[in-house]
Structures are given as structure tokens and as C-alpha cells.
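Residue-level listing of the chains:
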Amino acid sequence: MKYDFAAIESKWQTYWDEHRTFHVENDFTKPKYYALVEFPYPSGDGLHVGHPRPYTAMDIVARKRRMQGYNVLFPMGWDAFGLPTENYAIKNKIHPAIVTERNVNRFRSQLKMLGMSFDWQREVNTTDPNYFKWTQWIFLKLFNAGLAYKKEMNVNWCTQCKVVLANEEVVNGTCERCHGEVIHKVKNQWMLKITDYAQKLLDDLDSVDYFEKIKTAQVNWIGRSTGAEVTFKTTLGDELLIYTTRPDTLFGATYMVISPEHPLIDTWSDKLGNMDEIRAYQAEAARKSDFDRTEMNKDKTGVKLDGVMAVNPVNGREIPIFISDYVLMGYGTGAIMAVPAHDTRDWEFAKKFNLPIIEVVKGGEDVQKEAFTDCATGVLTNSDFLDGLSVEDAKVKIKGWITEKGIGREKVNFKLRDWVFSRQRYWGEPIPVVYCEKCGWVGLPESELPLTLPDVESYMPTDNGESPLSTLESFINTTCPKCGGAAKRETDTMPQWAGSSWYFLRYTDPTNDKELASKEALKYWLPVDWYNGGMEHTTLHLLYSRFWHKFLYDEGIVSCKEPYAKRTSHGMILGKDPQNPGKFCKMSKSLHNVVNPDEVVRDFGADTMRLYEMFVGDFEKAAPWQEEGIKGVKRFLERVWGMSENLKDGDEYSDALRSAMHKTIKKVSENIESLKFNTAIAAMMALLNDADNAGGFNRAEFRTLLILLNPFAPHIASELFEKLYGEMVHEQKWAEYDEALCADSTVELAVQVNGKVKARFNAPVDSDSETLISIALELPEVQKATDGKTIIKKIAVPNKLVNIVVK
RNA sequence: GCGGGUAUGGUGAAACUGGCAGACACGUUGGAUUUAGGUUCCAAUGCCGUGAGGCGUGCAGGUUCAAGUCCUGUUACCCGCACCA
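Residues numbered from 1 in each chain as written. Chains lettered and ligands numbered in written order. Predicted model: local features only at pLDDT ≥ 70, side-chain atom pairs only at ≥ 80, totals over all residues. Heavy atoms only, no water.

## Observations concerning the overall build of chain A
From N to C terminus, chain A includes 25 helices and 33 strands. Along the first, second and third principal axes, the C-alpha set of chain A runs to 100 × 85 × 55 Å. The buried share among the 807 residues of chain A stands at 55%. Total accessible area computed for chain A in this model is approximately 35000 Å², and 49% of it derives from carbon and sulfur atoms. For chain A, the separation between the mean place of its 99 positive charges and that of its 114 negative charges on side chains is 1 Å. (Helix = DSSP H or I, 4+ residues; strand = E, 2+ residues; numbered from the N terminus. Buried < 20%, exposed > 50% of the residue type's maximum accessible area, 1.4 Å probe, protein only. Areas by Shrake-Rupley, 256 points an atom, 1.4 Å probe, with all protein chains shown as cover. Lys, Arg positive; Asp, Glu negative; His and termini not counted. Charge placed at Lys NZ, Arg CZ, Asp CG, Glu CD.)

Here it is as C-alpha cells:
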């Protein structure tokens, strides 16, 4: 009989659907396993071949865990708020909810078509009011805890999307999504105080099993540094507070720089002689987009403030103050002391403005030619009481000194900024607060949740930067829940990252209308045992959701500090690069190199597609999509099918294949755990080759093969298992192996002379070194190679090789 | 600039604590079956050389009986962050 993948796959997909095979109950008596993949944004384009790679990988893990006896939660849902849907809706004049539903249906059917073992009874959708009721509820918790606040601030504004972006969403000064120009705009925005959790987000990385590169990226993004804050008096009688990580270089400060947005400038405005010039520079800096600012970063610019000087507290010297956009208002205090001798940026600035460069740490080259920034080897000089100390010792001493004198203190700073949480868009969760003239910002009571989106005529984003909801009087005008007076609703919506910051909690109890999920369900299922997702979310979704989870932990909602026990990531699937034949690059519509999974499944089948995606290369690395490679795995499945028709009798493994069977079980079992799916598949292929050489499989051996194959290619495995053994393969126990039986009775050893292989021989396993050496020395090839030479050394590595060293 | 990563046949790639480099595939070549083949099967396939033999894991050194793997230096490419004081 022919391997009719189309008929087999639709048969089993229907079976799994009708029997709810992969539905899991909250059965608290069983050991649980929570496997999670990132839920997709259901775009209008449907799945592309990149999606199934992580999904198949975790599907393999989930299917294996079920066979190992775990109660497995492997859910799927839709991160469905977002700009593309809204844009599509605007263009085609369809409500975004309808577009979303259509896209979700397409995605769901495509995932079913790939044989993913998701529990479809637990599907969640971030745009469902029953879901976002709890997103809003969490926001109110944050608001009531003082972690959500509204602030007038300079934000990133995408000129194309006409929306505010979080720092994490700005890539190379452009919009992460549309690559449009990002400029700065001063707007009143909702902010979340993720910075309050900076230290915890950093510390608790020690307690989780993430890929090291993921941890490193988060550590760098959080960007903790220790230094000191120091107060400089000014000649106008007030004070200037700066932050430095090099307080040891205080004696080398020859000027100060403050950010163009620094508030002291306004304070000083009528006393400065060159206000026109300063105002012009401020305007210039404000107008620059992030992109321009990065472009310009080689050439330092700035303006000296005319009429004010700072006084260096360690030596009383008066030094000038500049404004320059290389100092950022958002970090530290927005002001620095400049030590050109020991900071590259300060050095460049000093050279340009002809400022003195004083060496205070010796050990480098001439500081007039290059800044000396090495902290490890330097020794203090020209620094009075610090002279002769190492940089580390000097830091300690000066910190003590400034604390004692009351002019400064030790200070920790983070690069992490608070999370800009407002978006001027229609298709997002409404922020459930109102503004009352009397009471200020007031959160809605829980009874008024969910606050749903009103129907509007136009979802168009506006050029003035206001939300499309802002023109809708019926939505805006409401009463204050506190005083009952007139109040206005917030018209901005939440960013897309809101719904995805807690979705893994909702899966544990997706239909609960009393709580976001029951305490018992949360306690049972969390933390997620294994979460796989893209590296691109490391400093976005992954960080945001850790923050929310930690907050919910502090509120007593969840009972573990970290949401994910283990986090891994996958590489991208690359397409052919049309510009460089033989090279590969990101798939994109504009390059016409996108591969559609529907066609692959139609032409080769879902099992082949799954196997190919796993066989293509190292799961963690980017992998090129090469149509030719699909044939190899298709052939493998055809061979499995063909061999099923010629099985020998046998209730146990044959002598010929026993060790091969045990070795393969071990290899496949271990490889799944370490994400080495490619070599797991290779091991099964090699087993087929072994079986061919042994004259085919017997029934016992083939049964095991199907169990190993089931997570990878579940349709063919289910079909053959039912046909041959009359049972369901997914109900079988995972195969076991015996370490002792993995070994063959004899092994081939290589014999080297001076490290070059000259001969080979077979010997019983674990033969001792003396025996091996004496056999090796008798071999004719070895005699020839050692003839007339002196043997200096004989090394034998049991079961591997013998090396004879001669002179 | 800082951080992370990669470099192995014609191609995708394997190689656990240093121990036979190239598993498993793709492709190619030859052969068989077939009216036919985007079928199946068999054989060969790292490079140079007719051969014995030599050379081979980006490059240059080093340690070792033995190095893709360890050490020093160096180049190229990819990804992230980027004036964070």
C-alpha cells in the first residue's frame, strides 16, 4: 500500500479533534508539565514557515512528556491586538474584530493542519473582553499600587504609525515594526514603574534556567552600574548634582556637561549671557530624531553656558558648564562631571572645545593623545590624598570622603527606563481610568470591567497624536467613580505587550469569570516548565512579563517569583537571498522569498514538514530553507511505511538490533531534552539503515521505533501503530533503554603510529590496555611503520585507540 | 565602542569530559529494475596524486603521545545594545 499522507493526516487530525485527545484537566493529583510557545499575532498573511519551527519543537516535548506520564498543559492563543489588523480594517472598512476573527480562524486551521497537539479548549484571545477584563484588572492593581502614573514626557513617536513607542520598540532610531522615522515628542503618557523591579529582575535571573545569552541580554538591558552622586556648587549660588561611575577621577574634572533638557537652564535663564544660542541648541536637540542623534554621535556638539561656573568640591577650582546632547536627561541626573583624560566621550568633547586634559590616573599612554580608561591597572596621581592608590581603592576612599563631607553618596543606577504604556490607537485595551477635576485620575471599580471599546466610525490614527477615541464624546464623558461628578475617560489604549504579559496565567483557568485564574490552578501549573520563544522578545515581552509576574507575586496573586523555569530560543528560518545566489537571508515579502507552509503540507505532508523543520540544522541557529532537503525526510517516512509491510515476528528485540535499539532510544530521548532534534532524527534514520542490514525490523523493534517517531511525525506513527498493534500510539509509555545493553560486544579500535592511523582491529569491549597494545604491535601495518625505529611510548585508550610513539 | 555568536566537503550539517574529522541527509557519478520517471535498489563520493603516499576543521603560533575541541595572537561575517557618564 502506498503512503497516502493526505488521507492519514486528515484522518488523525479529525480523530484528535473529536476525541479532544490533547485536552488536559486541572487534575491536581498528577505530576504536571507546562510547555509553552509564544502565541502568535494572527496577521492577515497566515502562518509562514518560521512559525512551525518552535511550535513543532515544543510539540515534540509535549507529546513526549504525555507518554512519560505527565499531565501536560500545552496551550495556544492569539495576541490579537495590534496595528496591522487595525490598518487592514481601516483600509478595507471592516471592523478590526471581524478581521481578527477571520485571521484567527485561518491560523487555527493551519496549526491543526500541522498536527500540533495544543489543547484547543484552553484557547485565549487578548481581544476578547472576557480576557482583557483581567488585563485591565491588572492595570488597576498597578495603578492602585502606585506603579502606573501619568507623566508629561519626551517620548518616542513613530511618524508613520502615528503612535508612541516604548524604548524597547525603537530599533536603530526607527520603529521596530514599520521602520518609520522615530522623533521625540513631549506627551502626557501612562507609565509603568518597571524600574522599581530592576534589582529583582536582575537578581532572580540566578534562579532560572535560561539560555546564557538570554540572561546576558537582560542583564545588559537592565544595565546596573554603581558609582556616586556628587554635588557641585555653582557660582550662581545653587547646586548641580551629577552621577559618575568614576568618582576616583574627581580631581581630573575640568568641565561639566548638562543635558539640553536640564531644568537648571530655565532657572538660570536671565543670568546667562548667551541664552539665544542655548535656546537654539535646545531646539535643535529636541528636533533631532533618535536616528539623527546616533548618526551624529561621532561629532560632539555643545554650547558653553556664559555666566555660570561650577566649583569642583575636592579642590575648589572653578570649571565651565556646557550643554551637549551627549548627556541624556533620562539617565543618572542628566548632568556629568567631565574627565577628558579618562573618558573617551569627554576626551573628544575636550579636544573639540579646547578644554584642559588633566591626567589623574597614570599607567596609560599620553592622555593628550588618547583617553586612558582602564580601571584595572591604573594608579592615581595629581589627586592629593588619593595619590598612589589603585582605581578600586581610590573609589572606596573618595566615596567615604564625599559622604563624610556631605557632598555626595554612593549610588546605583540602571539603564532600564520606565515603560511607556500609552498608545494612541483604537485596537487595544482601553485604559480603565477617568480624570476628574476634583479627584484627579481615578481607577474604575472592578464591577465596571471590562471597559470595552466603543463602536466608532473611524479608527484612523490622528496627526495631532491623540487617540481615535478622543473625538468620541459618548465614550469620553462619564462620571467619577469616587465623587460622582463629571469626569472624562482616558482615551489612549494599552500597548500590544499588555495582553501578552500574563497570558500564560490565563491558560491555567481560561474561562474563570471571578478571578484571572483560580489560586489552585495557578499554584498547580506554575511556573511554566519550559518556554521557548524568539530572541527578539528578550528585552520586550520576556522582561515585561517577568515584571508583571513579580508584581502579581507581591500582590499575592501568584505563588512563585518567576513565571518561567526554563527559557530557550530558536533560530530563524532563512530564505534564498535573491541578490546573492547561494546565500540566505531573512524571508520577507518584498524579497519574494517567503515559503508558504500550506503548499509544503499539500505537496509533502505535515509529518514531512515537521520532520524537515527539525532536521534542517541546529535548532538554536538560523537555518536556510532548502526545498531539496525535504526529499530526504520524505524518503525516510516512505521507508518507514515500506518497512512496516515486511515485519518479522518477535516479542523482543533481536540479537542483531538489540544494542542499536537501546542506543537509539537513549539518543532520541536525550536529544529531545537538549533541543538536538536534528541528531535525534539522524539516529532514527541510522536505525533504519541498521535494520536494513539486519534484514528488517521485527514487530517489537518496529513498535519502539513508532513510539520514538510519534512526537516528530505523529500522523504516520498513529496510523501504523493502530494498524499493526491495534492501539493508540499516544497512549503508549515512552520507550526505555538499558545503559548496559547500549554497548556492542566488540568494538573497532584504531592503531596510530605517531598519531597517524595505520591500522584497525576488533577487540572485545573493555579489553585492557596491555592486551590492546600487544595485539596492535603484531599487526603487519604497524610492524612496517615501526620497523627499524625505537618505540618510546605506548598509549592505549580502551574502546578507542592505540597510539605507538616511535623515533 | 560594548556584549553575544559563527567559521568544518559541492550543499545542509555531525563529532560526549582532548582520542579514528565529515554521522545523518542533499547533490553528483556509475550500475540495476522500469515503456517512462521528481520511482525504487546497489556502489562510489573531503582534497591532491595513476600509485605508494601526502594534505585537510577561517589564518599564524603554542601545549600534548594525540587538538575542530585547550592556550596566545589574528581575520572575516552575523546578531543584539549603543553618547548609560
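## As for the pattern of salt bridges
The tally for this structure, following the rule as stated, stands at 37 salt bridges. Here Arg546 ties to Glu562 by a salt bridge, and the two come within 2.8 Å at their closest N and O atoms. Taken together, the residues span a long stretch of sequence, with Arg546 in helix α16 (residues 541–554) and Glu562 in the loop between α16 and β26 (566–569) at a distance of 16 residues. Given the relative accessible area of 7%, Glu562 is considered buried. Among the ionic contacts, a cluster of salt bridges with common partners joins Asp204, Arg546, Lys550 and Glu562. (Salt bridge = Lys/Arg side-chain N within 4 Å of Asp/Glu carboxyl O.)

## Some details on unusual backbone geometry
Here the residue pair Leu449 and Pro450 is connected by a cis peptide bond, since its omega of -5 degrees sits within 30 degrees of zero. Relative to the helices and strands, Pro450 resides in the loop between β22 (440–443) and α13 (473–476). Although it is not a glycine, Asn382 sits at a positive phi angle of roughly 50 degrees. Note on placement: Asn382 falls in the loop between β18 (379–380) and α12 (391–405). At Asp384, a position not held by glycine, the phi torsion is positive, near 55 degrees. Its relative accessible area of 57% is what places Asp384 among the exposed residues.

## Focus: the sheet that holds strand β9 (residues 182–192)
Pairing is antiparallel in the open sheet, where four strands are placed in the order β6-β5-β9-β20. At either margin of the open sheet sits one strand with a lone partner, and together these are β6 (163–165) and β20 (419–420). Contacts from helix α5 (residues 129–144) reach β5 (148–158) and β9 within the one sheet, and its direction differs from that of β9 by about 85 degrees. (Pairing = 2+ DSSP bridges. Contact = heavy atoms within 4.5 Å. Axes fitted to C-alpha atoms, helices over the stretch in contact; angles between N-to-C directions.)

## Quick word on the packing of aromatic side chains
For the structure on display, the rule yields 47 aromatic pairs. Residues Phe74 and Phe118 carry aromatic rings whose centres are separated by 4.6 Å and whose planes lie at 35 degrees to one another, so their mutual orientation is tilted. Taken together, the positions of Phe74 in the loop between β2 (71–73) and β3 (77–78) and Phe118 in the loop between α4 (96–113) and β4 (124–125) put the pair 44 residues apart, joining distant regions of the chain. Ring geometry for Phe139 against Trp190: centres 5.8 Å apart, planes inclined by 85 degrees, an arrangement best described as edge-to-face. Taken together, the positions of Phe139 in helix α5 and Trp190 in strand β9 put the pair 51 residues apart, joining distant regions of the chain. The pair formed by Phe139 and Trp190 is uniform in burial state, with each residue classed as buried. Linked through ring pairs, Phe139, Phe143, Trp190, Tyr197, Trp419, Phe421, Tyr435, Trp441, Trp497, Tyr544, Phe547 and Trp548 together constitute an aromatic cluster. Here the guanidinium or amino end of Lys300 rests over the ring plane of Tyr326, the centre of that ring lying 5.3 Å away. Positioned over the ring face of Trp641 is Lys723, at 4.5 Å from the centre of the ring. (Phe/Tyr/Trp six-rings, centres within 6.5 Å; stacked < 30°, edge-to-face > 60°. Lys NZ or Arg CZ within 6 Å of the ring centre and 35° of its normal.)

## Considerations on helix α22 (residues 699–709)
In terms of residue burial, α22 counts as a mostly covered element, since nine of its eleven residues are buried. Of the positions making up α22, those classed as buried are Ala700, Glu701, Phe702, Thr704, Leu705, Leu706, Ile707, Leu708 and Leu709. Buried residues in α22 make contact with α2 (52–67), α19 (627–643), α20 (658–673), α21 (677–693) and α23 (714–725). The residue sitting at the N-terminus of α22 and contributing the capping side-chain oxygen is Asn698; that oxygen lies 2.9 Å from the backbone nitrogen of Ala700. (Polar contact = N/O pair within 3.5 Å; in protein donor to acceptor, adjacent residues only side chain to side chain.)

## Quick notes on the packing of helix α18 (residues 606–615) against α23
Interhelical geometry of α18 versus α23 gives an angle of 125 degrees and a closest axis separation of 7 Å. The angle between α18 and α23 places the two elements in the oblique class. Across the interface between the two elements, Ala606, Asp607 and Arg610 from α18 touch Pro714, His715 and Ile716 from α23. Counted by class, the contact of α18 with α23 contains three nonpolar, one polar and two charged residues. (Parallel < 35°, antiparallel > 145°, perpendicular 65-115°, else oblique. Nonpolar A, V, L, I, M, F, W, Y, C, P; charged D, E, K, R; others polar.)

## Overview of α19
Here α19 contains 17 residues, and its C-alpha end-to-end distance of 25 Å stays within 8% of the 24 Å for a straight helix at 1.5 Å per residue. Those residues of α19 that are buried are in contact with α1 (5–19), α17 (597–604), α18, α21, α22 and α23. (Expected span 1.5 Å × (residues − 1).)

## Comments concerning the sheet that holds strand β28 (residues 584–586)
If you trace the three strands from one edge of the open sheet to the other, you get β28-β27-β29, paired in mixed fashion. The open sheet has two free edges, formed respectively by β28 and β29 (623–624), since each of these has just one partner strand. As paired strands, strand β27 (residues 573–576) and β29 are joined by two bridges and run parallel to one another. Directly across from Ile573, in β29, lies its bridge partner Ala623.

## A look at the pairing of β5
Sheet analysis places β5 next to β9, joined by eleven bridges and oriented antiparallel. The residue bridging Asn156 from the neighbouring strand is His184, located in β9. Sheet topology places β5 next to β6; three bridges connect them, and they run antiparallel. Across the sheet, residue Asn156 finds its bridge partner in β6, namely Leu165. Counting the residues in the hairpin turn of β5 and β6 gives four residues, including Lys162, whose phi is positive at 55 degrees.

## Quick word on the protein's contact with RNA strand B
Near RNA strand B you find 48 residues, and of these Thr245, Tyr326, Arg345, Lys415 and Arg760 are the closest. Those atoms of RNA strand B that come within 4 Å of the protein belong to sugar or phosphate at a rate of 62%. Contacts to RNA strand B include Lys300, whose side-chain N or O atom sits 2.6 Å from a base oxygen. Lys415 has a polar side-chain atom sitting 3.3 Å from a sugar or linking oxygen of RNA strand B. Of all the secondary-structure elements, those providing two or more residues to the surface near RNA strand B are α7 (212–222), β12 (239–244), α19, α21, β30 (746–753), β31 (756–764), β32 (791–797) and β33 (801–806). The biggest single contributor to the surface near RNA strand B is α21, with five residues. (Near = heavy atom within 4 Å.)

## Remarks on a positive patch on the surface
On the surface, Lys756, Lys758, Lys784 and Lys789 cluster together into a patch of positive charge. With respect to the helices, strands and loops of the structure, Lys784 is situated in helix α25 (residues 780–786). (Patch = residues over 30% accessible without salt bridge, like charges linked within 9 Å, V, L, I, M, F, W, Y side chains within 5 Å.)

## Thoughts on the confidence of the model for chain A
Low pLDDT means the predicted coordinates in that region are not meant to be read closely. Per-residue pLDDT for chain A has a mean of 91; in total, 99% of the residues score no lower than 70. At the level of chain-chain contacts, confidence expressed as ipTM amounts to 0.94, with global pTM at 0.93. (pLDDT = per-residue confidence, 0-100.)

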